[in-house]
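# Examining the three-dimensional arrangement
Single-letter residue listing:
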Amino acid sequence: MERGYGTAGNTGGLNKVYEALFALNPNDAGLKNNLAATSMLLKINPTRSYAQARELYAIANTNAVFVSTYAFALHVQGKSAEGLKLMQALPEAELQRPEIATYYAVLLSATGARDKAGAYFIAAEKAQLLPEERHLLVQARGQN
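So, here is what we can say about the structure in this document. Not measured: the values here are computed from a predicted model.

Cut-offs used in this document
- Residues numbered from 1 in each chain as written.
- Predicted model: local features only at pLDDT ≥ 70, side-chain atom pairs only at ≥ 80, totals over all residues.
- Heavy atoms only, no water.
- Helix = DSSP H or I, 4+ residues; strand = E, 2+ residues; numbered from the N terminus.
- Rg over C-alpha atoms; globule rule 2.2 N^0.38 Å.
- Buried < 20%, exposed > 50% of the residue type's maximum accessible area, 1.4 Å probe, protein only.
- Salt bridge = Lys/Arg side-chain N within 4 Å of Asp/Glu carboxyl O.
- Phe/Tyr/Trp six-rings, centres within 6.5 Å; stacked < 30°, edge-to-face > 60°.

Next up on the list: the overall build of the protein chain. Each helix and strand counted, the protein chain has 10 helices and zero strands in total. Ordered by position from the N terminus, the helices and strands of the protein chain form the series α-α-α-α-α-α-α-α-α-α. Since a compact globule built from 144 residues should have a radius of gyration of about 15 Å, the 14 Å found for the protein chain is in line with a globular shape. Each of the three principal axes of the protein chain carries a C-alpha extent, and together these read 45 × 30 × 25 Å.

This is how it looks when you write it as structure tokens:
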């Protein structure tokens, strides 16, 4: 079911699946991350989503996926520079991963580093993105 929603770009459906699975297994860090990320993309349950992202970062601050989710949470709260700083601590190979590059490009653009963001926009194009993530990239590319 999760794969079907992801392939179809149904972020709302994914979020509902993650919500149900997380209710059954609240100690699953991957589920917590996916629930937080999809909730932020959909702009639902922001307080819980930010807290979940912060908790995951606190226990695994070298996990690139968790770092990017928390950095995005900071960005959504108007703290893009703080989020960018967290991402910059990741190895370059991690930043080049398409799903991580997506958020790194958004944060670079939001903090005025558009020249540096270009390579990450290109890497992000290789990711299987949800519609809301594609929208984030379009917005980031259009920023002055």
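Okay, back to it.
Looking now at unusual backbone geometry. Unlike most non-glycine residues, Lys43 shows phi in positive territory, near 60 degrees. Positionally, Lys43 belongs in the loop between helix 3 (29-42) and helix 4 (46-59). We classify Lys43 as exposed; its relative accessible area is 74%.

Inspection of the entire model under this criterion finds five salt bridges. Between Glu19 and Arg48 there is a salt bridge whose closest N-O contact spans 2.9 Å. Of this pair, Glu19 sits in helix 2 (residues 11-24) while Arg48 sits in helix 4, placing them 29 residues apart in sequence. On the accessibility criterion, Arg48 (26% relative accessible area) is partly exposed. With its nearest N and O atoms 2.5 Å apart, the salt bridge here joins Arg97 to Glu94. Classification of Arg97 by relative accessible area gives partly exposed; the value is 28%.

What follows covers the packing of aromatic side chains. Inspection of every chain in the model, using the stated rule, returns three aromatic pairs. The interplanar angle of 80 degrees and the centroid separation of 4.6 Å between the aromatic rings of Tyr104 and Tyr120 together place this pair among those described as edge-to-face. In this pair, Tyr104 is assigned in helix 8 (residues 98-110) and Tyr120 in helix 9 (residues 114-124), connecting sequence segments 16 residues apart.

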